Amino acid sequence: MKNTFGTHVTITLFGESHGPEIGAVIDGLAPGIPVDEDYIASRLTLRRPKGRISTARQEQDPFRIVSGVYNGKTTGTPICILIPNNSTKSKDYESTRWLARPGHADYTAYCKYHGFEDYRGGGHFSGRLTAALVAAGAICTAALQARGITIGTHIARCAGISDRSFGDLSADLEILQTAEFAVLDETAARSMRTAMEDAAAEGDSVGGILETAVTGVPAGVGEPWFDSVESQLSHILFSVPAVKGVQFGDGFALADRKGSLANDPFRMENGKVVTETNHNGGINGGITNGMPLRFSCVIKPTPSIYKAQKTVNFSTSENADLQIQGRHDPAIVHRARIVVDSVTALALCDLLTGRYGTDWLASPAVCADCTCTPCHTASGDAVCPAPEAAK
């Protein structure tokens, strides 16, 4: 399903960067989930460009929900969200129509769609479509938060500058919910901003690494092999433009360790199974173990730079030089973090619905006899939907 992700809760993207509107359709969400449009707007604000570290293209993203929500609650039918494109300058792309911008999908799109693609601003491949992902993801994020599941992402590294690692997860994730520039150490934040501004002044760009943590996901979610939690999250994370690498837990660092230092020892704590460390990112055998999920994404430098570059004219099959114009980001890592949060929420809603059923997200209620968190039935009765986790 080329533009659709998910099995139980699905998300479909449509539109182009310079078309009249972009949008998303969410299908499979249970009826009765609250939808707060002010919250959706606040999440879109975190994606919006700001100042000299972002593109000059300003979109206010006045979204419309045209189906699937009534009286502030999901109806259980497909939710369609529309976002207009109001700040397009399509003429900026006319002179480079046949020049393959290095790092972009211009040439590969031409090979696939035989020249019928909308090339303006990257068309359907544009990061502009992530606005629709954020709007849709906000609905899922709020539903997960009501079940005690919290998602947060910070810029772990940018332009060679490192943020501090996650510490007190509860406090750090609270900070990240509304942080416009998602860095935990203010000194590192200032240095990263300066590096972004310096790259912009040079007509260049910088990349970075995003680190995500998720708390409150119960143990036992996911499948072995092809539908593992890593498989599903990697699938949707690699769908975000500019993501070129994903690792879970300590990831590639595990290659240089012995098993005694890579394993996470199990212990009992307040009657609950926990691990002393979390090198594996809260996942064993493709299934959640109840510890916080932890993963990182590499965000490549923005491919649109103002420096002269070598390319080809794929209309005349000749070598050419390229000097792009238009409005572009010197870095997108700070804007991508809310996109990563959003797609994580979409994937988790799909995984959790597949594990516990369609109505699992609808009506939370704590079950005193259960160790899984959260725990509820659609009616709100204190009955465990995952009896195998009950004590």
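The structure reproduced in this document is the subject of the present report. (Residues numbered from 1 in each chain as written. Predicted model: local features only at pLDDT ≥ 70, side-chain atom pairs only at ≥ 80, totals over all residues. Heavy atoms only, no water.)

Focus on the packing of aromatic side chains
Step number 1: Per the stated rule, a full pass over the model turns up seven aromatic pairs.
Step number 2: Note on Trp98 and Tyr110: the rings are 5.9 Å apart at their centroids and 90° apart in plane angle, and the pair reads as edge-to-face. Pair noted here: Trp98 is in the loop between β7 (79–84) and α2 (106–113) and Tyr110 is in helix α2, with a separation of twelve residues, a long-range link.
Step number 3: Seen in terms of ring centroids, Tyr356 and Trp360 are 5.1 Å apart; in terms of plane orientation they differ by 20°. Their pairing is stacked.
Step number 4: According to the relative accessible area criterion, Trp360 is buried, its value standing at 3%.
Step number 5: The ring centre of Trp98 lies 4.1 Å from the NZ or CZ of Arg97, which sits over that ring. (Phe/Tyr/Trp six-rings, centres within 6.5 Å; stacked < 30°, edge-to-face > 60°. Helix = DSSP H or I, 4+ residues; strand = E, 2+ residues; numbered from the N terminus. Buried < 20%, exposed > 50% of the residue type's maximum accessible area, 1.4 Å probe, protein only. Lys NZ or Arg CZ within 6 Å of the ring centre and 35° of its normal.)

Describing the packing of helix α3 (residues 130–146) against helix α8 (residues 333–356)
When two helices pack together, their arrangement is captured by the angle between the axes and the distance separating the axes.
Step number 1: Contact geometry for α3 and α8: axes closest at 7 Å, N-to-C directions at 55°. Considering their axes alone, α3 and α8 lie oblique with respect to each other. Like other packed secondary-structure pairs, α3 and α8 cross with a definite hand, here left-handed. Contacts from Thr130, Leu133, Val134, Ala136, Gly137, Cys140, Thr141 and Leu144 of α3 reach α8 at Ile338, Val339, Asp341, Ser342, Val343, Ala345, Leu346, Leu348, Cys349 and Leu352.
Step number 2: Of the residues that constitute the contact of α3 with α8, the class distribution is 13 nonpolar, four polar and one charged. (Axes fitted to C-alpha atoms, helices over the stretch in contact; angles between N-to-C directions. Parallel < 35°, antiparallel > 145°, perpendicular 65-115°, else oblique. Left-handed = near helix turned anticlockwise from the far one by under 90°. Contact = heavy atoms within 4.5 Å. Nonpolar A, V, L, I, M, F, W, Y, C, P; charged D, E, K, R; others polar.)

Don't take any of this as a statement about function, it's just geometry.
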